[in-house]
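A structural walkthrough
In case you want the letters, here they are:
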Amino acid sequence: MRDHSESQPLLKRLKRTRVVPLATTATSVLALASGAMLAFAMPEIIGDQSWTDLIKAAVIAAAATVTTFVVTRLAVEKGAPQAAIGMRGAAAVSVASIAVIGFGLFTATYAGLTMRETEQLRLQDYGREIAAYIDERALGAAEAGRVVPVLDAIVDDLGVKQECEAVNSCLSGRGFGGRGAVWRLLGEKRQRAEAVSAQVDEGETARTRAIGELNALLSDYQRVLTATDLDATKQRESLQSINARIGQELSALDQSVPTDLLSAYAFELRTPVVIAGARETSAKLTGLLSSYADGLDQTLRNAEIRDDRRPSFPAKAGVASTLSYLGHFLPIAAIVAVVELVFPISLWLYTLFALQARVARDDPDGDDDTLSPDSFSGLVSMKPIVDEASVQAKPEGRGRRAKSGREAV
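So, here's what we can say about the structure. Computed from a prediction, not measured in an experiment: that's the story for all the values here. (Residues numbered from 1 in each chain as written. Predicted model: local features only at pLDDT ≥ 70, side-chain atom pairs only at ≥ 80, totals over all residues. Heavy atoms only, no water.)

Before going further, it helps to examine the packing of helix α4 (residues 90-144) against helix α11 (residues 330-362). When two helices pack together, their arrangement is given by the angle between their axes and by how far apart the axes lie. Where α4 meets α11, the closest approach of the two axes is 9 Å, and the angle between their N-to-C directions is 165 degrees. Regarding the angle of α4 to α11, the classification is roughly antiparallel. When you trace α4 past α11, the crossing you get is right-handed. Grouping the constituent residues of the contact of α4 with α11 by class yields 17 nonpolar, four polar and one charged. (Axes fitted to C-alpha atoms, helices over the stretch in contact; angles between N-to-C directions. Helix = DSSP H or I, 4+ residues; strand = E, 2+ residues; numbered from the N terminus. Parallel < 35°, antiparallel > 145°, perpendicular 65-115°, else oblique. Left-handed = near helix turned anticlockwise from the far one by under 90°. Nonpolar A, V, L, I, M, F, W, Y, C, P; charged D, E, K, R; others polar.)

With that settled, the discussion passes to the packing of aromatic side chains. Here the structure, examined in full by the defined rule, presents three aromatic pairs. When the centroid spacing of 5.8 Å and the interplanar angle of 10 degrees are considered together, the rings of F106 and Y110 count as stacked. With F106 and Y110 both in helix α4, this residue pair falls four residues apart, about one helical turn. On the accessibility criterion, F106 (11% relative accessible area) is buried. The interplanar angle of 55 degrees and the centroid separation of 6.1 Å between the aromatic rings of Y126 and Y221 together place this pair among those described as tilted. In this pair, Y126 sits in helix α4 while Y221 sits in helix α6 (residues 181-225), placing the two residues 95 residues apart along the sequence. A relative accessible area of 1% means that Y221 is categorised as buried. (Phe/Tyr/Trp six-rings, centres within 6.5 Å; stacked < 30°, edge-to-face > 60°. Buried < 20%, exposed > 50% of the residue type's maximum accessible area, 1.4 Å probe, protein only.)

Time to look at helix α3 (residues 51-84). With 34 residues, α3 extends 48 Å from end C-alpha to end C-alpha; this agrees with the ideal 50 Å at 1.5 Å per step. Looking one or two places after α3, you find G86, whose phi comes out positive at around 90 degrees. (Expected span 1.5 Å × (residues − 1).)

Turning next to a nonpolar patch on the surface. A cluster of nonpolar residues, I45, I46, I60, V319, L323 and L326, forms a patch on the protein surface that exposes about 390 Å² of accessible area. Sorting the residues of the nonpolar patch by element identifies α2 (22-46) and α10 (319-324) as the ones contributing at least two each. Of the residues examined, V319 reaches a relative accessible area of 33% and is grouped as partly exposed. (Patch = residues over 30% accessible without salt bridge, like charges linked within 9 Å, V, L, I, M, F, W, Y side chains within 5 Å. Areas by Shrake-Rupley, 256 points an atom, 1.4 Å probe, with all protein chains shown as cover. Salt bridge = Lys/Arg side-chain N within 4 Å of Asp/Glu carboxyl O.)

Once that is clear, we can look at the environment of I85. Along the polypeptide, I85 turns up in the loop between α3 and α4. Here I85 falls in the partly exposed class, since its relative accessible area comes to 33%. In this structure, the C-alpha to C-alpha distance between I85 and Q356, residues 271 residues apart in sequence, is 7.5 Å.

Dropping the structure here:
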């Protein structure tokens, strides 16, 4: 019978596919991930209004991907061995190249990923600042409004004094009443106080209206800020328009409080009164009017509006703006920093340490400053460094023992 085993071809074990070193794989994957993150980030920085902008973003991301991959590989495969054998400048150039490229990618990627949110945060912060500023100005205007009862008291007191002078000459002390020079002077002062009080009343009406408008504008600002049906451009335009109207109403609010008029009126009240032939009466009237001025001055000091600068509407967020909110977006910043900076520098350092250890083992006396050409391949693949003596001391495999046994026989 024919032996079928002789006609059958011998089966051979398939060759094992070459495993790509872990460090090489990680470097390639993270370079692609870095480029992908940059591709998402760049449209926020350079804009995405047209296909040209998107093409620009894609080209920049592709160039950055290739650059970071090549620089990292060169620094690890060329710079680290040279630094390990003591070549001056190799370490500085390697770390500096990784750090510069990594920092550039970090700032661009982080800024692009957080720019839209930073814009919203800046607009929200401005909303709070302008609301606090309006509250302060409104409070100062309300304090100034307390001058109204002071003016009313002045008008009433002058009216009483004028009537008293007409009945029994209570200020002049001459005769038993009458409408002389003192009576006429009191009438003039009362009419002047009434005119000032009327202007202050008009200002109070304007103040109330301005505060109502400002509150409504603040509500509109918050409504537009939280609207989801507006894009960033339309939202900013609407908020700028509201901000301009807020500025107009703030000017109206400041003008509603006639502080200059009140200050001038207080100065006018302090002007000495001179009545011919009546020095004592003149002194009484001067003291009376000065007491009115003291009351007005005290009220105006309490209602003094602080001269703080009004908050400025924020410009559109840029890269520097996003860095000021680094703490707010700390998780995103940390992840980007790990990909762009921590990993490549760590890989370079671990490679350098391993090479330095190999140099110290192979050349303890420093007689030979060269490394074998293939000494770095095991480091890139992250395989442990095995001492040759330990390899020789290991027991031989089962196949070798069997072979040696047959040879002995």
